[in-house]
Amino acid sequence: MKNSQYGVGIVGLGSYTPEKILTNQDLEKIVDTNDEWITTRTGIKQRHIAGEHETTSDMAIIAAERALKDAGKQAEDIDLIIVGTITPDMSFPATACIVQDKIGAVNAAAFDLQAGCSGFVYALAVGTQFIQTGVYRNVLIIGSDALSKVVNWEDRGTCILFGDGAGAAVISRLPEGEEGLLAFDLGARGSGAELLKLPAGGIRQPVTPEAIEQKLNTIHMAGNEVYKFAVRIMGEAAASALEKAGLTHEDLDFFVPHQANIRIIKAAAKRLKMPMEKVFVNVHKYGNTSAASVPIALDEAYQQNKVKKGDLIALVGFGAGLTWAASVLKWTKEEREDV
């Protein structure tokens, strides 16, 4: 894809995670598991859980407002809002439309994008095209998911993995001659759709009393198969995006992977020959927050001044679909002075 009529860069970041924390010790009281088992296999120590009445849009709104503030922009400046999510407030209207109204982005078009945990990077790629081609100047990208609402709390294979949260980025047209987002690698393997799914809730299988009794309204995952896919695709997608940008792993300064499992993260880093000190990891604090995972991690890296202006960064995710998405970008923001 490396081609741009206009340069596009991330000019603002924001994230949000709910107040309630569920530790591995808490889970020991709910399901047959223990802290050592969870930590050894996933690297997760705790996860944030949305409140009873807290929705995907509620979290997205807070992350969006923080990103707007960081970008120094008003909601009225936004031309388009894309929300990556697999846990929308409702089947329709789009969660993006709810966000648009609540933040006052009266000039923005809005739609949701469904690519599982790859959703934010997918949305980043879509939003970039609108700016590169001159259609829009400012796009708000949000990844927000509340997977705690759709997990089976009796299934120790899945309930230990997921948490809730939202992350947002404002992307904008850069001054002439500047480059930010350099390349993307997006893909899907629909033959793996059955490996990670929420069976009931759509047209094929409505939510009936029978479906609820069979837990078909919760996440079903073939963990081993998804793991094998992820270990391979994370590194491959990042390497492909680097190649499209005319770069190699040696050019890369920092790596922000989807926070699903520490073993998957380490495998991807090894594929890219990236030392772990150049890989951002926060899976131990949040678990897998789906489409929110990459933007929460990127925002934390930014908040901690782990990324510096001019750094070349790779973002990569994988998720239900099965999908994958990677992006290579040059960091165009100055370091934070309040750190």
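The rules behind each value
- Residues numbered from 1 in each chain as written.
- Predicted model: local features only at pLDDT ≥ 70, side-chain atom pairs only at ≥ 80, totals over all residues.
- Heavy atoms only, no water.
- Helix = DSSP H or I, 4+ residues; strand = E, 2+ residues; numbered from the N terminus.
- Buried < 20%, exposed > 50% of the residue type's maximum accessible area, 1.4 Å probe, protein only.
- Polar contact = N/O pair within 3.5 Å; in protein donor to acceptor, adjacent residues only side chain to side chain.
- Phe/Tyr/Trp six-rings, centres within 6.5 Å; stacked < 30°, edge-to-face > 60°.
- Lys NZ or Arg CZ within 6 Å of the ring centre and 35° of its normal.
- Salt bridge = Lys/Arg side-chain N within 4 Å of Asp/Glu carboxyl O.

All right, on to the side chain of Thr42 then. By secondary structure assignment, the location of Thr42 is in helix H2 (residues 35–42). A relative accessible area of 4% places Thr42 in the buried class. Within the structure, the side chain of Thr42 is placed 2.6 Å from the backbone oxygen of Ile38, a separation counted as a polar contact.

Cis geometry is found at the peptide bond from Phe92 to Pro93, where omega equals 5°. Along the chain, the position of Pro93 falls in the loop between strand E4 (80–84) and helix H4 (95–103). Of note, the amide linkage connecting Gly321 to Leu322 takes the cis form, showing an omega dihedral of -10°. Although it is not a glycine, Lys215 sits at a positive phi angle of roughly 60°. Secondary-structure assignment places Lys215 in the loop between helix H6 (209–213) and strand E10 (220–221). Overall, Lys215 belongs to the partly exposed group, its relative accessible area being 30%. With a phi angle near 55°, Lys273 is a residue other than glycine that sits in the positive phi range.

It is worth spelling out the packing of aromatic side chains at this point. Overall, the coordinates contain 4 aromatic pairs when judged by the stated rule. Relative to Phe280, the ring of Phe254 lies with its centre 6.5 Å away and its plane at 50°, an arrangement referred to as tilted. One end of the pair, Phe254, is in strand E11 (residues 254–257); the other, Phe280, is in the loop between helix H8 (262–271) and helix H9 (283–286), with 26 residues separating them in the sequence. In this pair, the class of Phe254 matches that of Phe280, namely buried. A cation over a ring is seen here: Arg173 above Tyr6, with NZ or CZ 3.8 Å from the ring centre.

So, about the pattern of salt bridges. Enumeration over the complete set of coordinates arrives at 8 salt bridges. Where Lys197 meets Glu194, a salt bridge forms, and the shortest distance between an N and an O atom there is 2.4 Å. We note a salt bridge from Lys309 to Glu334, for which the minimum N-O separation is 3.1 Å. Taken as a pair, Lys309 in the loop between helix H10 (293–303) and strand E12 (312–319) and Glu334 in the segment after strand E13 (323–330) lie far apart in primary sequence, 25 residues in all. Since its relative accessible area comes to 47%, Lys309 is described here as partly exposed.

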